[in-house]
Amino acid sequence: MTYYVDMHCHLHELVEEYGVDILDNYSREYIIVAVSDDLSSSLKTLELREKYSFIKPCIGIHPWSIGETPENHLEEIERIVSEKDIVCLGEIGLDTRFVRETIDKQRMFFQKFLEIAREYNLVLNLHTAGTWREVLDLLIRYDIDKAFFHWYTGPKTLLEEIASYGYYIGANPAWKIQKKHREILGDISLDIVVTESDAPYKYRGLEMKPELVRDTIEFLAETHGVSKSYVIDRIYYNFSRLLR
């Protein structure tokens, strides 16, 4: 059975926008890692997981949401991790590109998430806009074993170091219109790539959706001179190692 992997999808938003029936489009061929934006959406993500086995949930607080988030929500996230079968925190991270004004609070939240991840051996599904080096240094400092850099557009010079620690990079449909990401996916080893959609985000006229994972697989196969089946198998293998 062929499975297409979407390692980063705001599934709760997709359901809010298109209705729950849209999930039937993905239940047979897709594995979707559903990320959350705050405490409320984390609970919605967990509800979806209870109904659909192809959904792998991540809970957390997005850097864009931290400015308005009470600190006690961190305690609630940790409580859920301790009580539920949680394997992933996300979407979490740091952002100095779009929300620099809250960076001090972001750092406080992120360091707490790193402590939780270390204690419970969780995967991190990361937002790192403008903070790639800082986030990587923190992962190393906190001895984080499993991490995924969503929609990586950082320096190419960090890719080898990211790979050396066993971390993974997200291949996002933005390659269609974003030159930097397209170049990165051309240079990167397929050994550290996992496909993603970031659905239902809309980027410069491109509507992200899980179906675009197929286009990304075709692009990776053509760019790296390998077969589609090889890319599909490699992505699934990488995903399995990440969420083992």
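Residues numbered from 1 in each chain as written. Predicted model: local features only at pLDDT ≥ 70, side-chain atom pairs only at ≥ 80, totals over all residues. Heavy atoms only, no water.

**Structural notes on the sheet that holds strand β2 (residues 30-34)**
At step 1: Taken in spatial order, the three strands make up an open sheet running β1-β2-β3, and their pairing is parallel. The strands lining the two open edges of the sheet, one partner per strand, are β1 (4-9) and β3 (55-57). Pairs of neighbouring strands in the sheet enclose a mean axial angle of 15°, with direction left out of account.
At step 2: The sheet contact formed by β1 and β2 spans four bridges and is parallel. Following the sheet pairing, tyrosine 4 is matched in β2 by tyrosine 30. (Pairing = 2+ DSSP bridges. Helix = DSSP H or I, 4+ residues; strand = E, 2+ residues; numbered from the N terminus. Axes fitted to C-alpha atoms, helices over the stretch in contact; angles between N-to-C directions.)

**Some thoughts on the sheet that holds strand β8 (residues 193-195)**
At step 1: Read across the sheet, five strands follow the order β4-β5-β6-β7-β8 without closing on themselves; strand pairing throughout is parallel. Each of the sheet's edge strands pairs with one partner strand only, and the pair in question is β4 (88-93) and β8. Taken pair by pair, the neighbouring strands of this sheet meet at an average axis angle of 30°, ignoring direction.
At step 2: Relative to β8, strand β7 (residues 168-171) runs parallel, the two sharing three bridges. Its bridge partner being in β8, alanine 171 is matched across the sheet by threonine 195.

**Observations regarding the environment of threonine 157**
At step 1: Relative to the elements of secondary structure, threonine 157 occurs in the loop between β6 (147-149) and α6 (159-164).
At step 2: As a C-alpha pair, threonine 157 and tyrosine 26 span 131 residues in sequence and 36 Å in three-dimensional space.

**Observations concerning the packing of helix α3 (residues 72-83) against helix α4 (residues 103-120)**
At step 1: Direction vectors running N to C along α3 and α4 enclose 15°, while the axes themselves pass 11 Å from each other. As the angle between them shows, α3 and α4 are arranged roughly parallel. The handedness of the crossing between α3 and α4 is right-handed. Each of Leu74, Ile77, Glu78, Val81 and Ser82 in α3 lies in contact with α4, whose residues at this interface are Met108, Phe109, Lys112, Phe113, Ile116, Glu119 and Tyr120.
At step 2: Grouping the constituent residues of the contact of α3 with α4 by class yields eight nonpolar, one polar and three charged. (Parallel < 35°, antiparallel > 145°, perpendicular 65-115°, else oblique. Left-handed = near helix turned anticlockwise from the far one by under 90°. Contact = heavy atoms within 4.5 Å. Nonpolar A, V, L, I, M, F, W, Y, C, P; charged D, E, K, R; others polar.)

**Let's talk about a nonpolar patch on the surface**
At step 1: Together, Met1, Tyr3 and Tyr236 make up a nonpolar patch on the protein surface, roughly 340 Å² of accessible area in all.
At step 2: Tracing the sequence through the fold places tyrosine 3 in the segment before β1. (Patch = residues over 30% accessible without salt bridge, like charges linked within 9 Å, V, L, I, M, F, W, Y side chains within 5 Å. Areas by Shrake-Rupley, 256 points an atom, 1.4 Å probe, with all protein chains shown as cover. Salt bridge = Lys/Arg side-chain N within 4 Å of Asp/Glu carboxyl O.)

**Let's talk about the state of the cysteines**
At step 1: Tallied over the entire structure, the rule returns one disulfide.
At step 2: Here cysteine 58 connects covalently by a disulfide to cysteine 88, the sulfurs 2.2 Å from one another. Measuring the twist about the S-S bond at about 85°, one finds the cysteine 58-cysteine 88 disulfide to be right-handed. With cysteine 58 in the loop between β3 and α3 and cysteine 88 in strand β4, this residue pair connects regions lying 30 residues apart in the sequence.
At step 3: Taking the relative accessible area as the measure of exposure, cysteine 88 reaches 1% and is therefore buried. (Disulfide = S-S within 2.5 Å. Buried < 20%, exposed > 50% of the residue type's maximum accessible area, 1.4 Å probe, protein only.)

Keep in mind that these numbers describe shape and distance, not what the molecule does.
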